[in-house]
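Chain by chain, the residues:
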Amino acid sequence: MPCKGICLRHRALKPKVAEGGRYLTGQKRCQVCSIFMRWPGLFCPCCGYRLRTRPRNYKFKSRLRDAKKQRDQKTLTVQKSQIKRKAL
Ligand SMILES: [Zn+2]
Ligand SMILES: [Zn+2]
């Protein structure tokens, strides 16, 4: 379902940094409506899409993810070379 504008009624204001950011203050993000809102449910009251309750783009998080990705790629390369050896 597309955005119907209902989300605007639940729109959350940007909290002060001292309060710990949007997710920590209980705000949820709808990717379809691209809006932060205060809403007790797991799904957007507007479009019905599942709301995001945890941060994703925090710098330290992405750094962790990158490290994991690099490790996964290494494992993958090792596995590939093992497969090659078996094929020969
Ligand atoms: Zn909406
Ligand atoms: Zn929505």
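Located above this text is the structure these notes cover.
Reading guide: rules and limits
For every chain, the first residue of the written sequence is number 1, and numbering continues from 1 onward in sequence order. All chains are assigned letters beginning with A, and all ligands numbers beginning with 1, in the order in which they are written. Side-chain atom pairs in this predicted model are given and counted only at pLDDT of 80 or more, local residue features only at pLDDT of at least 70, and totals for whole chains, interfaces and linings cover all residues. Numbering of helices and strands starts at the N terminus; helices are DSSP runs of H or I of at least 4 residues and strands are runs of E of at least 2. Three exposure classes are used, based on other C-beta atoms lying within 10 Å of a residue's own C-beta, which is placed from the backbone: buried for 20 or more, exposed for 12 or fewer, and partly exposed in between. The term nonpolar core refers to a group of buried residues, namely Ala, Val, Leu, Ile, Met, Phe, Trp, Tyr and Cys, whose C-beta atoms join them within 7 Å. Whether two residues are in contact depends on their C-beta atoms, placed from the backbone: they are in contact if these lie within 7 Å.

> How should I be thinking about the overall build of the protein in this particular structure?
Check the secondary structure of the protein and you find one helix and two strands. Across the protein, helices and strands are ordered from the amino to the carboxyl terminus as β-β-α. When each of the 88 residues of the protein is scored for burial, the buried share is 14%.

> It is not clear to me how the nonpolar core should be interpreted in this structure. Could you clarify?
A general tendency of soluble globular proteins is for nonpolar side chains to be buried together. Cys7, Cys30, Cys33, Phe36, Met37, Trp39, Cys44, Cys46, Cys47 and Leu51 form the largest nonpolar core, which has 10 residues in total. Excluding residues that lie within four positions of it along the chain, leucine 51 makes contacts with Lys28, Arg29, Cys30, Trp39, Leu42, Phe43 and Cys44.

> Quick question: what am I supposed to make of the environment of arginine 52 here?
Take arginine 52: it is sitting in the loop between strand S2 (35-37) and helix H1 (59-87). For the pair arginine 52 and glutamine 27, spaced 25 residues apart in the sequence, the C-alpha separation amounts to 9.0 Å.

> What should I look at first to understand the environment of glycine 41 in this one?
Take glycine 41: it is sitting in the loop between S2 and H1. Spatially, the C-alpha atom of glycine 41 lies 9.3 Å from that of lysine 28, the residues being 13 residues apart in sequence.

> What should I look at first to understand unusual backbone geometry in this one?
Backbone geometry follows two general trends: most residues other than glycine have a negative phi, and most peptide bonds adopt the trans configuration. The phi dihedral of serine 34 falls on the positive side, at around 45°, and the residue is not glycine. Structurally, serine 34 can be placed in the loop between strand S1 (28-30) and S2.

> I would appreciate a short explanation of the environment of cysteine 7 in the present structure.
Examined against the element boundaries, cysteine 7 turns out to sit in the segment before S1. Classification of cysteine 7 by C-beta neighbours within 10 Å gives buried; the count is 21. As a C-alpha pair, cysteine 7 and cysteine 47 span 40 residues in sequence and 8.2 Å in three-dimensional space. Setting aside anything within four residues of it in sequence, one finds cysteine 7 in contact with Cys30, Cys33, Ile35, Met37, Cys44, Pro45 and Cys46.

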